[in-house]
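One-letter residues, chain by chain:
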2 protein chains.
Amino acid sequence: MTEQLRRFKAEIFQGLAHPVRIAIVEALCEGERPAGWLTEHLGLEQANGSQHLAVLRSKQIIVSRKQGNQVFYSLRDPVLIKVLEILRRYFYAQLAETESLMRQVKAGAGGARR
Amino acid sequence: MTEQLRRFKAEIFQGLAHPVRIAIVEALCEGERPAGWLTEHLGLEQANGSQHLAVLRSKQIIVSRKQGNQVFYSLRDPVLIKVLEILRRYFYAQLAETESLMRQVKAGAGGARR
DNA sequence: TCAGTATATTCGAAAATGCGAATTTACGAA
DNA sequence: TTCGTAAATTCGCATTTTCGAATATACTGA
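Remember, predicted model here, so these are calculated numbers, not experimental data.

Visitor: Could you give an account of the environment of A:Glu11, naming the residues involved and the relevant values?
Guide: Take A:Glu11: it is sitting in helix 1 (residues 2-16). Along the backbone, A:Glu11 and A:Ser58 are 47 residues apart, and their C-alpha atoms lie at a distance of 9.4 Å.

Visitor: Describe the interface of chain A and chain B, listing the residues and the values that go with them.
Guide: Taken residue by residue, the interface counts 36 residues in chain A and 35 residues in chain B. Between chain A and chain B, a total of about 3,700 Å² is buried, with carbon and sulfur atoms accounting for 73% of that surface. When residues of chain A are sorted by the area they lose upon contact with chain B, A:Phe13, A:Tyr90 and A:Phe91 head the list and together hold 19% of the total. Remark: the boundary between chain A and chain B carries four salt bridges. As a salt-bridge pair, B:Glu26 and A:Arg6 come within 3.0 Å of each other at their nearest N and O atoms. Ranked by residues supplied to the side of chain A that touches chain B, first place goes to helix 5 (residues 79-108) of chain A with 13 residues. Per-class residue counts for the side of chain A that touches chain B are 21 nonpolar, five polar and ten charged.

Visitor: Explain the pairing of strand 2 (residues 62-67) of chain B to me, using residue names and the numbers behind them.
Guide: All names here are of chain B. Bridge analysis of strand 2 against strand 3 (residues 70-75) gives six bridges, and the strand direction is antiparallel. The partner of Lys66 across the bridge, within strand 3, is Val71. From the end of strand 2 to the start of strand 3, which pair antiparallel, there are two residues, and Gly68 there has a positive phi angle of about 60°.

Visitor: Lay out the protein's contact with DNA strand C with the relevant residues and their values.
Guide: The immediate surroundings of DNA strand C are formed by 23 residues, with A:Gly36, A:Gln46, A:Tyr73, B:Gln51 and B:His52 found nearest. Take the atoms of DNA strand C that sit within 4 Å of the protein: sugar and phosphate atoms are 63% of them. One of the side-chain N or O atoms of A:Asn69 is found 3.3 Å from a base oxygen in DNA strand C. Elements supplying a minimum of two residues to the surface near DNA strand C: helix 3 (35-41), helix 4 (46-58) and strand 3 (70-75) of chain A together with helix 4 (46-58) of chain B.

Visitor: A description of the sheet that holds strand 1 (residues 33-34) of chain B should follow, citing residues and the corresponding values.
Guide: Residue and element names in this part refer to chain B. Within the open sheet, the three strands sit side by side as 1-3-2. Their pairing is antiparallel. The open sheet has two edge strands with one neighbour each: strand 1 and strand 2. Sheet strands in contact with helix 2 (residues 19-29) are strand 1, strand 2 and strand 3, and its direction is about 90° off that of strand 3. Each of strand 2 and strand 3 touches helix 4; the most contacted strand, strand 2, lies at about 120° to it.

Visitor: Account for helix 2 (residues 19-29) of chain A, naming residues and giving values.
Guide: All names here are of chain A. When you tally the buried positions in helix 2, you get eight out of eleven residues, the bulk of the element. Within the span of helix 2, buried status applies to Val20, Arg21, Ile22, Ala23, Ile24, Val25, Ala27 and Leu28. Gly31 lies just past helix 2 and shows a positive phi near 135°.

What counts and what doesn't
- Residues numbered from 1 in each chain as written.
- Chains lettered and ligands numbered in written order.
- Predicted model: local features only at pLDDT ≥ 70, side-chain atom pairs only at ≥ 80, totals over all residues.
- Heavy atoms only, no water.
- Helix = DSSP H or I, 4+ residues; strand = E, 2+ residues; numbered from the N terminus.
- Contact = heavy atoms within 4.5 Å.
- Buried area = accessible area lost by both parts, 1.4 Å probe.
- Salt bridge = Lys/Arg side-chain N within 4 Å of Asp/Glu carboxyl O.
- Nonpolar A, V, L, I, M, F, W, Y, C, P; charged D, E, K, R; others polar.
- Pairing = 2+ DSSP bridges.
- Near = heavy atom within 4 Å.
- Polar contact = N/O pair within 3.5 Å; in protein donor to acceptor, adjacent residues only side chain to side chain.
- Axes fitted to C-alpha atoms, helices over the stretch in contact; angles between N-to-C directions.
- Buried < 20%, exposed > 50% of the residue type's maximum accessible area, 1.4 Å probe, protein only.

Okay, here's the thing in structure tokens:
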């Protein structure tokens, strides 16, 4: 069971492991959107956008609803937003850390080291 | 900047997008561990374990500390544990949903549908 | 029915990933 | 220095991912 859980988690991560797909998820935080709006909003090729949506669908990260001519997508579970938020904080923490490191290096060593 | 943030997130997700690497991170929740312990604990080939550690290192998810003959690994930022916990809850929620769906299908339709 | 729009799927090529076998590097002890 | 252990790296190969171009599908309205 624990192995199955790990596979499940890995699948979710794999689904989110692309900047475009993260952008899609972020856009869907605002609410349901049609596929066309997403691809246009993100400046993607039609096919490419659809492919990324297919990946997210296959990992059950998003769900679709057909209405007339178009397909509306939404997050299956908004809990994933929390994950992205955590990572945003993590990102800035790391940025700050790297910056202070750079300052140290600059201040400390006079020239380039070999 | 927002694009850079998305790339950063995607890198983290990419780093976690493998059951073995998730197992490594979970093991490191308990605290620092030497590389050898991890590969043995998870039943991996020595090289393979080292490769997965290299991936996690390259994404800055773990950090290493050399002591004598061995290399100790630890999580760079335990906040990632939270992410895994969220996904565990998410997993069980989805499981429950799927189960209730199965029950509905079983109860509703008499036989296999085509 | 036919034409038009929205979306999905297929195909082929390039790139990235995952793995075990073999090799290399780094370290401690004799 | 030489040996033995821990870990990293390299290599070759199979699999997967990513992308754009082309094609197919589904629906609407005339």
